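Each chain, letter by letter, is given below.
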Amino acid sequence: MAMDELTEPLTQGNRRALSRAITLIESTRPDHRARAVALMAELPRRQALRIGLSGTPGVGKSTFIEAFGKMLTAQGLKVAVLAVDPSSARSGGSILGDKTRMEELSRDPNAFIRPSPSRAELGGVARRTRETVRLCEAAGFDVVLIETVGVGQSETLVAEMSDLFILLLAPAGGDELQGVKRGIMEIADLILVNKADGDLRETALRTVADYAGALRLLRKRPYDPEGFPKALPVSAYTGEGLEKAWDNMTWLADWRRDHGHFVARRAEQARHWFLSELRAGLLARLERPEVRARLREVGDAVARGEGDPDSAAAQMLDWLDASDAGLQAHERRA
């Protein structure tokens, strides 16, 4: 398919074109990657509010996203949900069942839900989630929710592709201040304690107070106004607290825009992903057949004791440089 045949319907908000574009950028085939890069270069620059969401297992992320998404679409906003499912380390497969857990939101004409496999990528997001966010923005969505696979020190890359990072926690979860890693606490803009209803309401309010106290002990970040980050109670079941949470999110985003932090943060994120793509491209060079054969040869020699790992690695790097130089000379002659 020619790129213009996909770009035009995508920018007009065609959901099928958006789905096909996401499938294209998630493909690892070299010809598909070339087409995906060309497509990304053609996209118009539109901005949605990017919200990263992570939470402990069983906290009700899908229930929260459905209730929160329905509230936003009721206000006339277009919402895209990018849900990342963990992939099996053994088979590589993923369940991708987020649409079944968000049944009502998946039928909403102003919502779009796309589950993607993590494919063993660290950071809680899929390999091409960042590009998927760009596609959703180009398709005219106002809010993009990025749900990570879990919570912990490794689930922090979502903060490098979102404007706001929300941490969803449950009440009565034991010693949660120890259970949740400090690293993810330090990047959270808002902590929402879910299930603040019924018999758990009082427990949830105590948990909010505990987290509010813990947040005050963290080092002040230059892009936070007074009172942020903060903890709030919400109930995805009753909807209580969702409006207040949204008001806090939009107020914080507006404050950062007014004070120059919003644009500066996106600029730093662009720099981060440039370096990330560069590293990925360099690692991909090691997958060329001739390079893999050389790696096996040198690795076997090191295993036999015919050299130490450091000098062998240095020799391998020299060989790569010479190989690339020869390849470039051949391409110029051709």
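In what follows, the structure referred to is the one given above.
Residues take numbers from 1 onward in each chain, read along the sequence in its written order. Predicted model: local features are reported for residues with pLDDT of at least 70 only, side-chain atom pairs are reported and counted for 80 or more only, and whole-chain, interface and lining totals are derived from all residues. As a convention, hydrogens and water are excluded, and side-chain values are obtained from all of the structure's heavy atoms.

**Concerning the nonpolar core**
Then comes step 1: Grouped together as the largest cluster of nonpolar side chains are 43 residues, with contacts concentrated most on Leu10, Leu18, Leu135, Val144, Met185 and Ile191.
Then comes step 2: Helix and strand assignments follow DSSP, with helices taken as H or I runs no shorter than four residues and strands as E runs no shorter than two, numbered in order from the N terminus. No other element matches helix 2 (residues 15–26), which puts 6 residues into this core.
Then comes step 3: Only heavy atoms matter for contacts: two residues are in contact if any of them lie within 4.5 Å across the pair. Not counting residues within four places of it along the chain, the set of residues in contact with Ile191 comprises Leu167, Leu169, Met185, Tyr211, Leu215, Lys230, Ala231 and Leu232. Throughout this description, the term nonpolar core refers to a set of buried Ala, Val, Leu, Ile, Met, Phe, Trp, Tyr and Cys residues connected via side-chain atoms within 4.5 Å. Per-residue accessibility, obtained with a 1.4 Å probe over protein chains only, is compared with the maximum for each type, and a residue is labelled buried under 20%, exposed over 50%, and partly exposed between these values.

**Quick word on the packing of helix 4 (residues 61–74) against helix 11 (residues 242–258)**
Then comes step 1: Axes here mean lines fitted to C-alpha atoms, for a helix over just the part in contact, with angles spanning 0 to 180 degrees between N-to-C directions. For the pair helix 4 and helix 11, the least separation of the axes is 10 Å and the interaxial angle reads 75°. Judged on the interaxial angle alone, helix 11 and helix 4 are roughly perpendicular. Between helix 4 and helix 11, the residues in contact are Phe64, Ala67, Phe68, Met71 and Leu72 and Leu242, Glu243, Trp246 and Met249, respectively. These descriptions rest on fixed angle ranges, namely under 35 degrees for roughly parallel, over 145 for roughly antiparallel, 65 to 115 for roughly perpendicular, and the rest for oblique.

**A few points about the pattern of salt bridges**
Then comes step 1: The salt bridge definition used is simple: a Lys or Arg side-chain nitrogen within 4 Å of an Asp or Glu carboxyl oxygen. Inspection of every chain in the model, using the stated rule, returns 23 salt bridges.
Then comes step 2: As a salt-bridge pair, Arg257 and Asp254 come within 3.1 Å of each other at their nearest N and O atoms. Here Arg257 and its partner Asp254 are both found in helix 11, 3 residues apart, which amounts to about one turn of the helix.
Then comes step 3: The class of Asp254 is partly exposed, set by a relative accessible area of 40%.

**A word on the pairing of strand 4 (residues 143–147)**
Then comes step 1: Of all 5 residues in strand 4, 5 are buried; the element is thus mostly enclosed.
Then comes step 2: Alternating residues of strand 4 divide into Val143, Leu145 and Glu147 and Val144 and Ile146, and every residue in both groups is buried.
Then comes step 3: Looking at chain direction, strand 1 (residues 49–55) and strand 4 are connected through 5 bridges and run parallel. Each residue of the ladder has a partner; that of Leu49, found in strand 4, is Val143. Any two strands with at least two DSSP bridges between them are considered paired.

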